[in-house]
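Secondary and tertiary structure notes
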Amino acid sequence: MSINDRAKWAYFGEIFEAVAQQGIDELAATEALLAALRSGLVARGYRRQFTFNDTGKVERLPRDIHPQPVPLSIWRDSGDPRGDLTSFWQDDPEEPDVWISIDWVSGAVEAIEWELTNFEQLQTSFHATRIPRKEADHLLSQLAGKPKKRAGRPKGPSNDWEREQVQLALRMIEGGDTRPVTAIAASLTSNALTGRALETQQRRIAWGIKVALNGIAKNSVKNKRD
């Protein structure tokens, strides 16, 4: 990874160093970071995976040499952050088969789950976990009470195809899709995009869906009054 690429990312450790320097409550910062991750903010880390046999733990090779996205399910199932800035969840306190452990300051994320394909336990570890620096800066600004800078371009869909995706999302919701707006938007993004371009398009579509839903709700209330 080049120096320029590194500048685009903020490691969890850097974020919490900035939190301490700015006098922001550390637990509040952890809760805000987790909320953003659960809402679709993509975090990446160096991943290692292990399975278990009669002789012990065996690493799956080849090992990843590039940062991998941390699955959204880990953030959603991780449990609430604790006072020591860790999170821990397990399926059964007596005999846990599945668990998730997060050390927020170090950016160490570890999870054990059952892999249904081979029906074996799989341990996945992420280290040096990071988020886009721009998102980290926005998060820190919000926690410090600074006004958020507005982008020069409109927030919503930027072309006819994205507007069509918003309309498709509304039909999906009307048909009974109960997923969060961010999840629906993620499923409607272009397969040709990757990285920041993909994340930006997801935000534009999600913004368009929310605005459309708010408009529908307001019209519904107005019609009832009439």
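To start, this report covers the structure provided alongside it. A quick note: this is a predicted structure, and the numbers were derived from the prediction, not measured. (Residues numbered from 1 in each chain as written. Predicted model: local features only at pLDDT ≥ 70, side-chain atom pairs only at ≥ 80, totals over all residues. Heavy atoms only, no water.)

The terminal C-alpha atoms of helix α3 (residues 26-38) lie 18 Å apart, and with 13 residues this matches the ideal 18 Å at 1.5 Å per residue to within 8%. Of the residues making up α3, those classed as buried are A29, T30, L33, L34 and L37. Taken end-on, α3 shows its buried residues confined to a sector of 135 degrees, consistent with a single buried face. Looking at the buried side of α3, the elements it contacts are α2 (12-21), α4 (72-77), β8 (120-132) and α5 (133-143). With a side-chain oxygen lying 3.2 Å from the backbone nitrogen of L27, the N-terminal cap of α3 falls on D25. (Helix = DSSP H or I, 4+ residues; strand = E, 2+ residues; numbered from the N terminus. Expected span 1.5 Å × (residues − 1). Buried < 20%, exposed > 50% of the residue type's maximum accessible area, 1.4 Å probe, protein only. Arc of directions from axis to C-beta. Contact = heavy atoms within 4.5 Å. Polar contact = N/O pair within 3.5 Å; in protein donor to acceptor, adjacent residues only side chain to side chain.)

Further remarks concern the nonpolar core. Within the largest apolar cluster, 27 residues are counted, with the highest numbers of intra-cluster contacts made by F12, I15, L33, L37, W75, W104 and I131. Listing elements by their share of this core, those giving two or more residues are α2, α3, α4, β6 (99-103), β7 (108-115), β8 and α5. Of the residues forming this core, the biggest block, five residues, is contributed by α2. Counting nine residues, the second largest nonpolar core, distinct from the first, contains A169, L188, I205 and A206. (Core = buried A, V, L, I, M, F, W, Y, C linked by side-chain atoms within 4.5 Å.)

Our next topic: unusual backbone geometry. In this chain, L61 is followed by P62 through a cis amide linkage whose omega measures 5 degrees. In this fold, P62 is placed in the loop between β3 (56-59) and β4 (68-69). Even without being glycine, L85 reaches a positive phi, approximately 65 degrees. Tracing the sequence through the fold places L85 in the loop between α4 and β5 (86-90).

All right, on to the pattern of salt bridges then. Side-chain pairs of opposite charge can arise where the charged atoms are in close proximity. Evaluated as defined, the whole model comprises ten salt bridges. Where D177 meets R179, a salt bridge forms, and the shortest distance between an N and an O atom there is 2.9 Å. Its relative accessible area of 19% is what places D177 among the buried residues. Where salt bridges share partners, they join R48, E59 and R63 into one cluster. (Salt bridge = Lys/Arg side-chain N within 4 Å of Asp/Glu carboxyl O.)

Aromatic rings in a pair are described by how distant their centres are and how their planes are angled relative to each other. Under the counting rule described, the total for this entry stands at four aromatic pairs. Site record: aromatic cluster; members linked through ring pairs are F12, W75 and W104. (Phe/Tyr/Trp six-rings, centres within 6.5 Å; stacked < 30°, edge-to-face > 60°.)

Right, let's talk about a nonpolar patch on the surface for a bit. Side chains of W114, L116 and F119 sit close together on the surface and give an oily, nonpolar patch of about 370 Å² of accessible area. One can find W114 in strand β7. By relative accessible area, which is 33% here, W114 ends up partly exposed. (Patch = residues over 30% accessible without salt bridge, like charges linked within 9 Å, V, L, I, M, F, W, Y side chains within 5 Å. Areas by Shrake-Rupley, 256 points an atom, 1.4 Å probe, with all protein chains shown as cover.)

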